[in-house]
Amino acid sequence: MHKKVSHSLWGHFRSLSNTTGLAWVDTSHAQVPNLPDLLVRCARNKSIREGKIHHAIVIVEGLQADTLLSNILINFYSKCGLVHTARQVFDAMTHRSIVSWNTIIGALIEHGQEPKKALNLFMEMLREGTPPSGFTLSSILCACAAKSDVEVSKQLHALACKTALCANVFVETALLDVYAKSCLIGDALQVFSNMEERTDVTWSSMVAGFVQNELYEEALTIVHKAQKMGLKYNQFTLSAALSACASLAAPIEGCQVHSVLLRTGFHSNFHVTASLIHMYAKCGSIEEAYSVFSCTEEKNIVFWNAIISGFSKHARCTEAMILFEKMQQVGLCPNEVTYIAVISACSHMGWVEEGKNYFDLMQEYNVEPNVHHYACMVDVLVRAGLIREARDLMENMPFKPTVSMWGSLLSSSRVYGDLESAEVAIGHLCEMEPDNAGNLVLLSNIYAVSKRWDDVARVRKILKESGAKKEKGKSWIEVRDRVHTFLAGDGSHPLIDEISAKLEDLEKAMRKLAYKAETDFDTHDVDDSQKEELLRYHSEKLALAFGLISLPSAAPVRIKKNLRICGDCHSTMKFASKITGRVIIVRDTNRFHHFRDGQCSCCEFW
């Protein structure tokens, strides 16, 4: 029997019903609101005040023991962001169903700040003897993925097998995701391969997993398999595919994904469009990136940042700055990312005063400079040869100098012959990343340029004893929907004979134009003829020759390299663009180089 409810409270509910059209239920004592429907609607509309009034009715009517109502209340408070209150309702329950546990655990995870509490609650559920459902287990695994908690994830995997939930598609997808985010891509692939049923979410998780682990070719292979199986595309699969194309500098693949976007209507999706701009910019097609940007009707700060950053990387610094001004004219304020882009643009052109002005301008817009802005300013200074000023900035800034700052200092010390600063930088770098052999190699190169062979031998001895490995030069080029990879000095490509012959022909033509190998860029203690032979087979030169013999004569040659392009290869690209009439685009770790008619867009400043 229901308790009597006060007239004023009933009056309030009747007034609510007149304005919202909510249902009421007749009882033998009074007109009682249909509380489940009312609370569900309050959750959907996030109507906190009305929901709390309905909760009061639950209490007044003595309905707290109703498990269904309590579950709906937990869901209502969760949807309104009142997780603490949802937990209070849960704790007060006299009987909990699996739905009760799922709802509160899901609430804790959904709001992102309490994965540890969710896991503890899950353990409490098991201790009380409530078996997990697929929803419970997949939710907890998602929390583990956010924290990259491998050990707990493996224990949950074992529990899934024990409770026969390992074949549940949601549990399997969550397992795949947590393994991929924990850099256990082999385990993720094994879960994926053993799945009997795969949803579009499963496929997109596998693609994203490969991208997160920098296995971009494998990511595109999975996309192709999904395509052949008639998979229904979603925004996550397409965004991940575009990221893979961007990282591989594979514009042909990227254009194909773009055509899919147009067919499926995803080209209007915010995240996908931003990924599309980013892809074209990173593939060397800044004009196409700008075209996508221009055709987007509603441009938010992410779009503006993507295109400004793209122009910056392509040494189109004037365009980057014009867009910076236009963005403000349409009413958008620059944020941290915008300033990183424009200050980086200044570093690529040696525009020191402009870089300083942008750095000072941040404070006018109440944007607090972070460590990345300071890193950009250090880069502006060292690239312009102001190494002492850069060191002063690093000493006086409110952050500890980062690896990238010391790396910039070391690289520029080589360019400007500042051995003292190079030795200071290498001391810090060896402390901060002892397994990175590249730093010692660069110091060795600096000594080699100065003909200090004893110091070269000493550094190389340290390098050998440390066991650290130097990253090998690697270049990629896309030809006929396939990405070809070249390593420095590698002769394994099926067309290596044709590639070598093309390089020889190119070199003969270059020598007629007064080309001379820049042997300073090979730091082995050997004679110049041996150095020339080593320089001839740098990875970007192999990729260039392959592109020249494989691509149509009017097609640009687009190359991506994992290291900074060396001076001799830079000269080769300039000569090759003049001899062949080709546009050659090289993307290295620092920027894009566009070679046309014997000139480079970097204006010899990189």
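This text follows the structure it describes.
Residues numbered from 1 in each chain as written. Predicted model: local features only at pLDDT ≥ 70, side-chain atom pairs only at ≥ 80, totals over all residues. Heavy atoms only, no water.

Chemist: Looking at this structure, I do not really get the packing of aromatic side chains. What am I missing?
Modeler: The geometry of an aromatic ring pair comes down to the distance between the two centres and the angle between the two planes. If you walk through the whole model with that rule in mind, you get 13 aromatic pairs. Each ring, one from Phe 90 and one from Trp 101, has its centre 5.0 Å from the other, and the planes form 75°; the classification is edge-to-face. Here Phe 90, found in helix H5 (residues 83-91), pairs with Trp 101, found in helix H6 (residues 98-110); they are eleven residues apart in sequence, far enough to count as distant. Taking the centre distance of 5.1 Å and the plane angle of 75° together, the rings of Phe 359 and Tyr 374 count as edge-to-face. Of the two residues, Phe 359 is situated in helix H21 (residues 352-364) and Tyr 374 in helix H22 (residues 371-383); the sequence distance between them amounts to 15 residues. Of the two residues, Phe 359 and Tyr 374, neither departs from the other in class, the shared state being buried. Following the ring pairs from residue to residue traces out a cluster consisting of Tyr 290, Phe 293, Trp 304 and Phe 311. In this arrangement the basic side chain of Arg 96 is found over the ring face of Phe 90, its NZ or CZ atom lying 4.3 Å from the centre. Cation over ring: Arg 198 sits above Phe 192, and NZ or CZ is 4.2 Å from the ring centre. (Phe/Tyr/Trp six-rings, centres within 6.5 Å; stacked < 30°, edge-to-face > 60°. Helix = DSSP H or I, 4+ residues; strand = E, 2+ residues; numbered from the N terminus. Buried < 20%, exposed > 50% of the residue type's maximum accessible area, 1.4 Å probe, protein only. Lys NZ or Arg CZ within 6 Å of the ring centre and 35° of its normal.)

Chemist: What am I meant to see in the nonpolar core here?
Modeler: It is characteristic of soluble globular proteins that their nonpolar side chains tend to be buried jointly. By size, the foremost hydrophobic cluster in this structure holds 145 residues, and its most contacted members are Leu 156, Ile 307 and Ile 343. Discounting residues that sit within four places of it in the chain, Leu 156 has contacts with Phe 122, Leu 137, Ile 140, Leu 141 and Cys 144. Val 479, Val 557, Ile 565 and Ile 584 belong to the second-largest nonpolar core, a separate cluster that totals 30 residues. (Core = buried A, V, L, I, M, F, W, Y, C linked by side-chain atoms within 4.5 Å. Contact = heavy atoms within 4.5 Å.)

Chemist: Even after reading the chapter, I still don't get the environment of Arg 87, so can you show me in this structure?
Modeler: By secondary structure assignment, the location of Arg 87 is in helix H5. You can call Arg 87 partly exposed: its relative accessible area is 24%. Residues Arg 87 and Ser 239, spaced 152 residues apart in sequence, show a C-alpha to C-alpha distance of 36 Å. For Arg 87, the residues in contact, after removing those within four places along its chain, are Ile 104, Leu 121 and Glu 124.

Chemist: Looking at this model, I keep getting lost on the side chain of Thr 130. Mind explaining?
Modeler: Here Thr 130 lies in the loop between helix H7 (115-127) and helix H8 (134-147). Aside from chain neighbours lying at most four places away, what touches Thr 130 is Ile 98, Trp 101 and Met 125.

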